[in-house]
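This is what each chain is made of:
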Amino acid sequence: MSETLTVTTADRSFDCYVARPDVVGTYPVIIVIQEIFGVNAGIRSIADNYAAKGYIAVAPDLFWRTDPGIQLSEANEADVAKAFSMYQAYDFDHGVQDIAATISAARTMEGSTGKVGVTGYCLGGLMTYLAAARTDGDAFAAYYGGGTDQYLHEAKHIGAPLLYHLAGADEYIGPEAQAQIKAALEGKADAEVHVYPGRDHAFARPGGSHYDHDDATLANSRTDEFFARTLR
């Protein structure tokens, strides 16, 4: 079952895609943070999969301030150019504020247990990391967040459990940046980092050009166990 959640901020309001389990009940919430392509079919399918696993999944529209409702495709050259243009202009601080507002709304939405986890991919991976440092979410699972190495000074503020997936051959997160991320997080008691050798950026994106079934399945199984342990 899918629906729309409207989240109100100090500026205006924005919409989130919501997927719920088929059986009416009370469930933890997982906020699914988009890539640079918006809340497109791939992100909605991830949310739908979480709903099938017994979570309420909420995917906020991070680009609502400039391009509300935009959905782009990696397969379209013009879409890719548009996506990178939006990413380069994106205000990460506003984005964290939007995630914080989504967490707050998720805690009290119908059917929520009040427990809220956050996961995200690419841009969403960075936003998940920043949300771990700046919001009161209960657990965070980040996938290959480009630019994370520029915010490692914020790792000291992370108090909730954090799971971080890195693609070993990531074209956007090089070996030095990966080493810095691992060094910053491996000393934290509630943080764990997993590296997938030979995988490129977005290896866990369903239908993506770099998708790898085996390592995506492994990473997702680790995320499933992580959220079951931290949110159930």
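Residues numbered from 1 in each chain as written. Predicted model: local features only at pLDDT ≥ 70, side-chain atom pairs only at ≥ 80, totals over all residues. Heavy atoms only, no water.

What follows is about the sheet that holds strand β6 (residues 139–143). In spatial order, the strands read β1-β2-β4-β3-β5-β6-β7-β8; together these 8 strands make up an open sheet with mixed pairing. The strands lining the two open edges of the sheet, one partner per strand, are β1 (2–8) and β8 (191–196). On average, each strand axis in the sheet is inclined to that of its neighbour by 20°, with strand direction left out of account. Where strand β3 (residues 27–33) and strand β4 (residues 56–60) come together, 3 bridges link them in parallel fashion. Paired with V29 across the two strands is I56, which belongs to β4. Seen against the sheet, helix α3 (residues 92–108) touches β1, β2 (13–19), β3, β4 and β5 (112–121) and runs at an angle of roughly 150° to β5. (Pairing = 2+ DSSP bridges. Helix = DSSP H or I, 4+ residues; strand = E, 2+ residues; numbered from the N terminus. Axes fitted to C-alpha atoms, helices over the stretch in contact; angles between N-to-C directions. Contact = heavy atoms within 4.5 Å.)

With that settled, consider the pattern of salt bridges. Scanning the entire structure with this criterion turns up 14 salt bridges. Its salt-bridge partner being R20, residue E3 comes within 2.9 Å of it at the nearest N-O pair. Of this pair, E3 sits in strand β1 while R20 is found in the loop between β2 and β3, placing the two residues 17 residues apart along the sequence. Take E3: its relative accessible area is 34%, and that puts it in the partly exposed class. R134 serves as the salt-bridge partner of D93, at 2.8 Å between the closest nitrogen and oxygen. Of this pair, D93 sits in helix α3 while R134 sits in helix α4 (residues 123–134), and the two are 41 residues apart along the sequence. Given a relative accessible area of 43%, D93 falls into the partly exposed group. (Salt bridge = Lys/Arg side-chain N within 4 Å of Asp/Glu carboxyl O. Buried < 20%, exposed > 50% of the residue type's maximum accessible area, 1.4 Å probe, protein only.)

Here the focus is the side chain of T148. Secondary-structure assignment places T148 in the loop between β6 and β7 (162–167). Residue class for T148 comes out buried when judged on its relative accessible area of 0%. Contacts of T148, omitting those with residues within four sequence positions, involve L126, Y129, Y164 and I181.

Quick look at the packing of aromatic side chains now. This model, assessed by the stated rule, comprises 13 aromatic pairs. With a centroid separation of 5.5 Å and an interplanar angle of 80°, the aromatic rings of F63 and Y90 are classed as edge-to-face. Linking F63 in the loop between β4 and α2 (77–89) with Y90 in the loop between α2 and α3, this pair joins segments that are 27 residues apart in sequence. Note on accessibility: F63 and Y90 belong to one class, buried. Centre to centre, the rings of Y196 and F203 are 5.0 Å apart; their planes meet at 40°, and the pair counts as tilted. When its relative accessible area of 1% is taken as the criterion, Y196 is described as buried. These aromatic residues form a ring-pair network of at least three members: F63, Y87, Y90, F92 and Y151. (Phe/Tyr/Trp six-rings, centres within 6.5 Å; stacked < 30°, edge-to-face > 60°.)

Functional significance is not addressed by these values, which are geometric in nature.
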